[in-house]
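# An overview of the molecular structure
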Amino acid sequence: MTPKAELFGRIEDYCLDLLNNQEREEFENELEFNQELREEVELHKNIQSAVLEMDVLDLKGKLEEIQINSTKNGKVNGSFELLEDLSEFEEFTAELSPEELIESFESLPKVHVYQHERASNENIHHYYKEQNGSEQIIVEEDDLNGFDMTGLEGLEEAILETDILNLRDTLQQVAKSVEPQYSAEDIDNYLTGEMGDDILAEFEDEVAQNEYLQSEVNLHKDVEFAVAESDVMDLRSELRNIMESETSWNVSEHTIEDFIDGVLEDEALLAEFSAELKENTDLMAEVNLRENINGAVAELDIMALRQKLTDARSESEKKEVKSIVMPRFEIGSTKFWRSSVAVVLVLVGLLGAMKMNTNTLDNTYNKYFESTSWASERSVTKTVDLIQQAKIHFQKNEFQEAINLLNVATVSPDEKFVTQFYTGLSYQNINKYPQAVTAYSEVIDHGNNMFIEEAEWYKALCYLKMDKKAEAKKELLAVIDRKGHFEKDAKAVLRKLRYSFK
Amino acid sequence: MINYTDAQILKGILRHDNLILQYIYKQYYYKVNYFIKKNQGNEDDASDIFQEAIIVIYRKLKENDLIFEKSSFQGYLFSVCRFLWLKQLEKRRIEKEKLNDSLPFQEDVYDDNLVEIVDKNEKYGLYQKHFKTLSTDCQKLLQMFFEKVPLREIAKIMGYKTEKYAKTRKYKCKELLIKRIKQDTEFKKILEDDT
């Protein structure tokens, strides 16, 4: 069986009369018996003649115009005046043999000859010869073809464009085939003075005349100079490091804190600070962040203190103060009660001071822990019943039930991170931080899923709650590195707790 | 914070003094950042422009071509930053006429020499960027060649058996560098600007 491409090739060769006698005979024999092949050949011939006819039609109008103009001018120039000066060139009087043509390197003359040869086979050439004689033919052609020319005005242009495209392709081929005359090694040798005397003069001549080579040599020179500028490169990387590691504001942390606390009294400093604050967006963000943190933390402190005072009062009302503490006071006296409350307050204060660090961590945790909602579009499949049920429990804040279901849900290892993440989140919601950390670690270890950043963030918060500051810091830094949604929060937590991290 | 005089700052830049560089960054960066953000740029643009302005000043200093008569370091720095950003806007075909000029600048800073240095800096910066993408070996090798270290020594330092191999390797590294430079669209733009 003949492959289609080959078959089309043979048909085309047949139509263009390119087959040798034997091939032609074989093809015609087959043509006689093969109906399908006959139809195919017919189709090819039709296409071919249609295309050729189109050429004629497209150019007909143009030729008519030319003829009218030429007649008006009283002369007909068959070469469109392109050949007017050709007789001036001696080279063109000599005949080129086909061998010479073939021998000639890819060049514009060859391209021209090729195009000319090709064009000579087209009807347009022969058609043009007939123009001188009669207009009758045009009329007959019109009648025969019966094509309506309206709406085909752009076609001629398009065909001419194709010629240009062909020429452009050929020119590109020519350009590609021209290899650079001198290699990078030659240029280097020239620059380092190691080029042999035999080619040095030739190279210099070429540089003087060849712009491309000249720019190549210049590029090599420039690159050498640029690479030798190690000081500039060092300075650049030093500046880059400073920009990455330093804050861009020109005021101390003290000044920022004083400004926030409203105790920046030095007028000059205050004016300077305010001026910078207007333009320095980084400073603006820092002040904002600090104010927010302070506000939140202060509120929580007050709430915690209030609670403790209430507790202390109720405790003191219930319990009898031991006589060894204040043996001389009568229990019923006002002095005694005042003193007792004072003692309790001092004790609470001391206790508070001792626990301050833990409280700060707790406060930070409370401020930043916000359990995420269950995003169904991120779950494994919506049809998995157990996961659906777990989701319902999770949404109802029934975290233990959700955990129980998630633990027994069967999920492919590739998607397990989904159940692990929500297991972690559920554990965290019921304050089982070590279990939550384990679940989050599994999500992170999976390495390629959309929960990693969140898992790192929540894991860091769990560590805060577990008072494992070093581990928390590690996770927070990982979150910051991701430059994602939690980056700012992680930075804020790190900043807030920086004095606790040792 | 300590305030440095212009002379101290210039000396610091010449010596790559980290403290001075930090000082410059803290003192002036935010103004440049503000100016660039007000004029269609972003944070990255601001840091690039600021960095390259310091490099341009460094190049000027190296050529002993920086004397402040009427201006100050701050004025000069801002003028260079503004000039560099205008050039960028031109490249990005953004209208410069509607510039929101928040930086105090001095027109007299914009002489031919500055233009020349800025162009050179741009071109060399591109070459250096690609140089930094080469392997450490290639970087070291090329640098030694251009610093005229004898071939025998280069071969010894790099652990090559023959000098000939060192030379071949250098050609390859350089060819790779030139290829990368030529493939960079920025390079084509620079060429267009030159013509």
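Just above sits the structure.
What you are looking at is a predicted structure, and each value in this text was computed from that prediction instead of being measured.

## Things to note about the overall build of chain A
Regarding its fold elements, chain A presents 23 helices and zero strands. The burial tally for chain A puts 30% of its 502 residues in the buried class. Contacts in chain A between residues far apart in sequence, at least 24 positions, make up 57% of those at least 6 positions apart. Summed over its atoms, the accessible surface of chain A is roughly 32900 Å², and 52% of this surface lies on carbon and sulfur atoms.

## Thoughts on the state of the cysteines
Residues and elements named next belong to chain B. Following the criterion strictly, the structure yields one disulfide over all chains and no others. Disulfide pairing places cysteine 138 opposite cysteine 173 at an S-S distance of 2.0 Å. In this structure, the disulfide formed by cysteine 138 and cysteine 173 twists by about -80° around the S-S bond and is classed as left-handed. Highlighted residues: cysteine 138 in helix H6 (residues 136-146) and cysteine 173 in helix H8 (residues 163-183), separated in sequence by 35 residues.

## A word on the nonpolar core
Judged by nonpolar contacts, the single largest core of 48 residues is most densely connected at Ile13(B), Ile24(B), Phe50(B), Ile57(B), Phe73(B), Leu77(B) and Leu114(B). With eleven residues, helix H4 (residues 73-91) of chain B is the single largest residue contributor to this core. Leaving out residues up to four positions away in the same chain, Phe50(B) has contacts with Met243(A), Ile24(B), Tyr25(B), Tyr28(B), Tyr29(B), Val32(B), Leu77(B) and Cys81(B). Judged by nonpolar contacts, the second largest core, of 44 residues, contains Ala390(A), Ile403(A), Leu425(A) and Leu476(A).

## Details of the environment of His16(B)
Within the secondary structure layout, His16(B) lies in the loop between helix H1 (6-15) and helix H2 (18-38). For His16(B) and Tyr58(B), which are 42 residues apart along the polypeptide, the C-alpha to C-alpha distance reads 9.3 Å. Here His16(B) is in contact with Asp231(A), Asp234(A), Leu235(A), Glu238(A), Leu21(B) and Tyr58(B), once residues within four sequence places are set aside.

## Examining the interface of chain B and chain A
Contacts between the two partners involve 47 residues from chain B, matched on the other side by 42 residues from chain A. Taken together, both faces of the contact between chain B and chain A bury some 4300 Å²; the carbon and sulfur share is 57%. For the pair chain B and chain A, the number of links is eleven salt bridges. Close ionic contact of Glu194(A) with Lys167(B) constitutes a salt bridge, the shortest N to O distance being 2.3 Å. The tally of links between chain B and chain A comes to 21 residue pairs in polar contact (both at pLDDT 80 or more). The set of elements that each furnish at least two residues to the side of chain B that touches chain A consists of H2, helix H3 (43-62), helix H5 (112-131), H6 and H8 of chain B.

## A short note on the packing of helix H14 (residues 267-279) of chain A against H2(B)
Two numbers describe how H14(A) lies on H2(B): the axes approach to 9 Å, and their chain directions differ by 35°. On H2(B), the residues touching Glu276(A), Lys278(A) and Glu279(A) of H14(A) are Tyr30(B), Lys31(B) and Tyr34(B). Split by residue class, the contact of H14(A) with H2(B) holds two nonpolar, no polar and four charged.

## Let's talk about helix H19 (residues 416-429) of chain A
Residues and elements named next belong to chain A. With 14 residues, H19 should reach 20 Å at 1.5 Å per residue; the first-to-last C-alpha distance of 20 Å fits that figure. With twelve of 14 residues buried, H19 is to be regarded as a mostly interior element. Positive backbone phi, approximately 65°, marks asparagine 431, located one or two places after H19.

## Thoughts on the environment of Ala390(A)
All names here are of chain A. Within the secondary structure layout, alanine 390 lies in helix H17 (residues 385-395). Along the backbone, alanine 390 and leucine 405 are 15 residues apart, and their C-alpha atoms lie at a distance of 5.6 Å. Contacts of alanine 390, omitting those with residues within four sequence positions, involve Trp374, Ala402, Leu405 and Leu406.

Scoring rules and cut-offs
- Residues numbered from 1 in each chain as written.
- Chains lettered and ligands numbered in written order.
- Predicted model: local features only at pLDDT ≥ 70, side-chain atom pairs only at ≥ 80, totals over all residues.
- Heavy atoms only, no water.
- Helix = DSSP H or I, 4+ residues; strand = E, 2+ residues; numbered from the N terminus.
- Buried < 20%, exposed > 50% of the residue type's maximum accessible area, 1.4 Å probe, protein only.
- Contact = heavy atoms within 4.5 Å.
- Areas by Shrake-Rupley, 256 points an atom, 1.4 Å probe, with all protein chains shown as cover.
- Disulfide = S-S within 2.5 Å.
- Core = buried A, V, L, I, M, F, W, Y, C linked by side-chain atoms within 4.5 Å.
- Buried area = accessible area lost by both parts, 1.4 Å probe.
- Salt bridge = Lys/Arg side-chain N within 4 Å of Asp/Glu carboxyl O.
- Polar contact = N/O pair within 3.5 Å; in protein donor to acceptor, adjacent residues only side chain to side chain.
- Axes fitted to C-alpha atoms, helices over the stretch in contact; angles between N-to-C directions.
- Nonpolar A, V, L, I, M, F, W, Y, C, P; charged D, E, K, R; others polar.
- Expected span 1.5 Å × (residues − 1).

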